[in-house]
Number of protein chains: 2
Amino acid sequence: MNYPSKLIEEAVLEISKLPGIGKKSALRLALHLLKSDKSQTQNLTEALSNLREKTTYCKTCHNISDQEICNICGSHRRDQSIIAVVQDTRDVLAIENTSQYSGQYHVLGGIISPMMGIGPNDLNIDSLISRIEQNPEVKEIILALSPTMEGDTTAFYLQKRLRDFPLKISTIARGIPIGGDLEYTDEITLGRSILSRIDF
Amino acid sequence: MNYPSKLIEEAVLEISKLPGIGKKSALRLALHLLKSDKSQTQNLTEALSNLREKTTYCKTCHNISDQEICNICGSHRRDQSIIAVVQDTRDVLAIENTSQYSGQYHVLGGIISPMMGIGPNDLNIDSLISRIEQNPEVKEIILALSPTMEGDTTAFYLQKRLRDFPLKISTIARGIPIGGDLEYTDEITLGRSILSRIDF
């Protein structure tokens, strides 16, 4: 496409590097910023720069945090004996939103994916091991990873690394989603949910 | 939602002010920037700042332009006798992509919309009138506006302002899109396309 100016061409190029945003949406966003108040663009670019330059991570769980130790790791109210291992910050937010979990977290910062060139050493796995070694009060590890090929691979790897510790290792339940329709559930989920049926 | 840090909260707030981006997508974009190289965020924020601070508009047609007079208005190859009136830059790009038009443009910078508080004085209408007055070679005005309530209102207003000039005023054809299925065309479009049928 022939853009009417170099400035808009560069803006569209940079915006469309973001995941899920194509050239057309990028152009729409760029024209929106051009039409709206200058302060909106200033606030946006400042927020993004600050985010990228100043964000720090909790030394214990590797979640994004303003302090050295995040609110969850530093809280006396949270159960110290249980750690949910998750892929990233979004999963922490998703689990926190359920209000059903009061334990700790450990953010891996990704998932083992040979396709993307991400191996175990790229993830916060060693720090999980030393965290367990240093905290004998930890009794259970929940592998709260997505039920995908990569998630299962990561879960198997973690289970292998953790099996010599006196720990209970669990995984979040898989089955038919609540409100889901039996008829429209895929065969694998439905098959597994029959095999791993639970007492009523 | 309780964000793990103030920085990410502010970034999500600012990103989600963009049209069509909700809080969840904004969080995904923010986390993407956090994971990718610092230069990506720098390039993005620079491109956006430059766009907003330095963008200039063509003095003749009000399209975005690096020069005082844009490439289209300044070109000897383009037909000077015909002006397509469009809502914004995206419409210029869309029409240019068809390679079917070789005339001039006039970018209104919006559309008359009482709901959004946009009246004729907020648009580049006066400059269109003086452009026609100063260029007697202009013979035709194409009202290339979207066939919506606001587009039709704007077209009627322009037609009233322009009717005393010795001009042909036309509008882009409305009808069934090429490749469209008669059966699934809405009644209004189909009805109009019968009323305004053309010779085969």
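Note that the structure is predicted; figures quoted are calculated from it, not measured.

As a further point, take the packing of helix α3 (residues 38–54) of chain A against helix α1 (residues 6–15) of chain B. It is the contact of α3 of chain A with α1 of chain B, at a shortest axis distance of 9 Å, that shows an interaxial angle of 150 degrees. For the pair α3 of chain A and α1 of chain B, the sense of crossing is left-handed. Facing α3 of chain A, whose interface residues are Gln40, Asn43, Leu44, Ala47, Leu48, Asn50, Leu51 and Lys54 of chain A, α1 of chain B presents Leu7, Ile8, Glu10, Ala11, Glu14 and Ile15 of chain B.

In this complex, chain B contributes 55 residues to the contact, which on the side of chain A involves 55 residues. Here chain B and chain A share an interface that buries about 5300 Å² over both sides, 69% of which is from carbon and sulfur atoms. Counting across the chain B and chain A interface gives two salt bridges. Measuring nitrogen to oxygen at the nearest pair gives 3.6 Å for the salt bridge that ties Glu53 of chain B to Lys38 of chain A. Remark: the boundary between chain B and chain A carries six residue pairs in polar contact (both at pLDDT 80 or more).

Residue and element names in this part refer to chain A. If you walk through the whole model with that rule in mind, you get two aromatic pairs over all chains. Ring centres 5.2 Å apart and planes at 65 degrees place the aromatic pair Tyr101 and Tyr105 in the edge-to-face group. The same class applies to Tyr101 as to Tyr105, namely buried.

With that settled, consider the sheet that holds strand β6 (residues 168–171) of chain A. Residues and elements named next belong to chain A. If you trace the four strands from one edge of the open sheet to the other, you get β4-β3-β5-β6, paired in parallel fashion. Looking at the sheet topology across the chains shown, the edges are occupied by β4 (104–107) and β6. Within the sheet, the average angular offset between the axes of one strand and its neighbour, ignoring direction, is 25 degrees. The sheet contacts of helix α4 (residues 89–98) involve β3 (82–86) and β4, and relative to β4 the element is tilted by about 160 degrees.

Laying chain B over chain A is done by rotating through 180 degrees and shifting 0.0 Å along the axis; what remains is an RMSD of 0.1 Å. The superposition operator between the copies reduces to a two-fold rotation axis. Considering only C-alpha atoms, the residue of chain B closest to the rotation axis is Thr45 of chain B, which sits at 2.5 Å. Residue by residue, 100% of the interface of chain B is reproduced at the interface of chain A, so both copies engage with the same surface.

Residue and element names in this part refer to chain A. Along strand β5 (residues 140–143), one buried face is formed by Glu140 and Ile142 and the opposite face, lined by Ile141 and Leu143, is buried too. Where β3 meets β5, four bridges bridge the pair, whose relative direction is parallel. Bridge pairing in β5 places Ala84 opposite Ile142. Of the strand pairs in this sheet, β5 and β6 are connected by four bridges, and their pairing is parallel. Paired with Ile141 across the bridge in β6 is Ile169.

Parameters at a glance
Residues numbered from 1 in each chain as written. Chains lettered and ligands numbered in written order. Predicted model: local features only at pLDDT ≥ 70, side-chain atom pairs only at ≥ 80, totals over all residues. Heavy atoms only, no water. Axes fitted to C-alpha atoms, helices over the stretch in contact; angles between N-to-C directions. Helix = DSSP H or I, 4+ residues; strand = E, 2+ residues; numbered from the N terminus. Left-handed = near helix turned anticlockwise from the far one by under 90°. Contact = heavy atoms within 4.5 Å. Buried area = accessible area lost by both parts, 1.4 Å probe. Salt bridge = Lys/Arg side-chain N within 4 Å of Asp/Glu carboxyl O. Polar contact = N/O pair within 3.5 Å; in protein donor to acceptor, adjacent residues only side chain to side chain. Phe/Tyr/Trp six-rings, centres within 6.5 Å; stacked < 30°, edge-to-face > 60°. Buried < 20%, exposed > 50% of the residue type's maximum accessible area, 1.4 Å probe, protein only. Pairing = 2+ DSSP bridges. Least-squares fit on C-alpha atoms with pLDDT ≥ 70 in both.

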